[in-house]
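# Reading the structure
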Amino acid sequence: MSNEANVGPMLPEAKSLVTEAPAPPSPDKQGRRGKQKQEKPASLWTDAWYDLRRRPMFIISAVLIAILLVMAFWPSLFTSIDPTNAQTCDLSTARQLPSVGHPFGKDSQGCDVFARTIYGARNSIVIGVTTTIITMVLGGLLGLFAGFRSGLIDSVSSRVTEIFFAIPPILGALLIAATFRDSGINSIMLVIAALAVLGWPMVFRIMRASVITAKSQDFVVAARAVGAGQWRIMFKHLLPNSLAPVIVVSTINLGGYIAAEAALSFLGVGVQSPDISWGLMIADARPRFLDASLPLFFPALFLSITVLAFIMLGDAVRDALDPKLR
């Protein structure tokens, strides 16, 4: 029998009561976390931009519009022929088919169709953009005041806009342009004025409805509570929070204004020679369309692409600014 004493089972080692502090994150992890916080959208506009950059429709339309803008304001980058110079036209080569140096052929006056199409982009886009800016400023400000003030101002302005809504846009613009065509006003300015007079009521109604909805929100009530003045509430709080639907509609309308200018020029009351626009080119080429279709086809193609690009841009902006569509 062994003389060694029986020893009971060994007790488990006592665990330390002091919890080890977690290791601090590495600099790389801290950098990634900081970068994620910086990239996180913080407002409606940054959130919309974050969403737009991932939409193929926005990317395609933005690229097309960028090319069109460069073509409109720097046409010499695309062609060395100046169609505004009558010496570049040669009647002996009228209705010539596409050839080297003249990829779109020539029209009935012997002018290069490609050069005229490039230079025609400027007036069409300038008319569309200028009309859009005027309608946004005029209709937006009137809608802001009417929606905020309510009462008699809102009632009178709403009745006035209903009168304008009763007038068909193209017919009204045709009447205005035809009436003042011989008054000595520049044809481009006349088209802009005719389209803007009939375009601002739509922006007014959208801004008014947006302001009426926004002025009952908590941030407006809080601004009143701290003693903010009416001007500060309107331009500091209501305007930024009511502008999104106006931007969407104006972007879509821009393409419509370009198409409306082409329609007025086609009817003979829009842009007049020696200025160049796609609508005017289509009107000049229409009588000889069966004999030479290219002088009409190419400006119509560029017009369609431009209108489609702005409508696609407006749809993409609408989807990005409306949280319900995400």
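That block above? That's the structure.
Here's a quick rundown of the structure.

What counts and what doesn't
- Residues numbered from 1 in each chain as written.
- Predicted model: local features only at pLDDT ≥ 70, side-chain atom pairs only at ≥ 80, totals over all residues.
- Heavy atoms only, no water.
- Helix = DSSP H or I, 4+ residues; strand = E, 2+ residues; numbered from the N terminus.
- Contact = heavy atoms within 4.5 Å.
- Areas by Shrake-Rupley, 256 points an atom, 1.4 Å probe, with all protein chains shown as cover.
- Core = buried A, V, L, I, M, F, W, Y, C linked by side-chain atoms within 4.5 Å.
- Buried < 20%, exposed > 50% of the residue type's maximum accessible area, 1.4 Å probe, protein only.
- Axes fitted to C-alpha atoms, helices over the stretch in contact; angles between N-to-C directions.
- Parallel < 35°, antiparallel > 145°, perpendicular 65-115°, else oblique.
- Nonpolar A, V, L, I, M, F, W, Y, C, P; charged D, E, K, R; others polar.
- Patch = residues over 30% accessible without salt bridge, like charges linked within 9 Å, V, L, I, M, F, W, Y side chains within 5 Å.
- Salt bridge = Lys/Arg side-chain N within 4 Å of Asp/Glu carboxyl O.

## Focus: the overall build of the protein chain
Each helix and strand counted, the protein chain has 12 helices and zero strands in total. In the protein chain, the succession of helices and strands from N to C terminus is α-α-α-α-α-α-α-α-α-α-α-α. When contacts within the protein chain are restricted to residue pairs at least 6 apart in sequence, long-range pairs at least 24 apart make up 71% of them. When the accessible surface of the protein chain is summed, it comes to about 19300 Å², and 64% of that surface belongs to carbon and sulfur atoms.

## Things to note about the nonpolar core
Ranked by internal contacts, the top residues of the largest apolar core, which has 35 residues, are Met-71, Trp-278 and Leu-303. Those elements giving two or more residues to this core turn out to be helix H2 (44–52), helix H3 (56–73), helix H4 (113–149), helix H10 (244–266), helix H11 (278–285) and helix H12 (294–321). Considering every element that reaches this core, the biggest residue donor is H12, with 12 residues. Excluding anything up to four places from it in sequence, Trp-278 contacts Met-71, Thr-117, Gly-120, Ala-121, Ser-124, Pro-299, Phe-302, Leu-303 and Thr-306. Core analysis: the next-biggest nonpolar cluster, separate from the first, contains 15 residues, Ala-177, Leu-198, Ala-260 and Val-269 among them.

## Digging into the side chain of Ser-210
When you line up the elements, Ser-210 lands in helix H7 (residues 187–214). Residue contacts for Ser-210: discarding those within four places in its chain leaves Asn-241, Ser-242 and Pro-245.

## Description of the packing of H10 against H12
The description of two packed helices rests on the angle between their axes and on the distance between the axes. Where H10 meets H12, the axes come as close as 8 Å, and the angle between the chain directions of the two elements is 170°. One finds that H10 runs roughly antiparallel with respect to H12. The residues of H12 that touch H10, namely those facing Ala-244, Val-248, Thr-251, Ile-252, Leu-254, Gly-255, Ile-258, Ala-259 and Ala-262, are Leu-303, Thr-306, Val-307, Phe-310, Ile-311, Leu-313, Gly-314, Asp-315, Val-317, Arg-318 and Leu-321. For the contact of H10 with H12, the residue count by class is 14 nonpolar, four polar and two charged.

## Topic: a nonpolar patch on the surface
Judged by side-chain polarity, Ile-59, Val-63, Ile-67, Leu-69, Val-70, Phe-73, Trp-74, Leu-77 and Phe-78 come together as a nonpolar surface patch covering roughly 820 Å² of accessible area. If you trace the backbone, Trp-74 turns up in the loop between H3 and H4.

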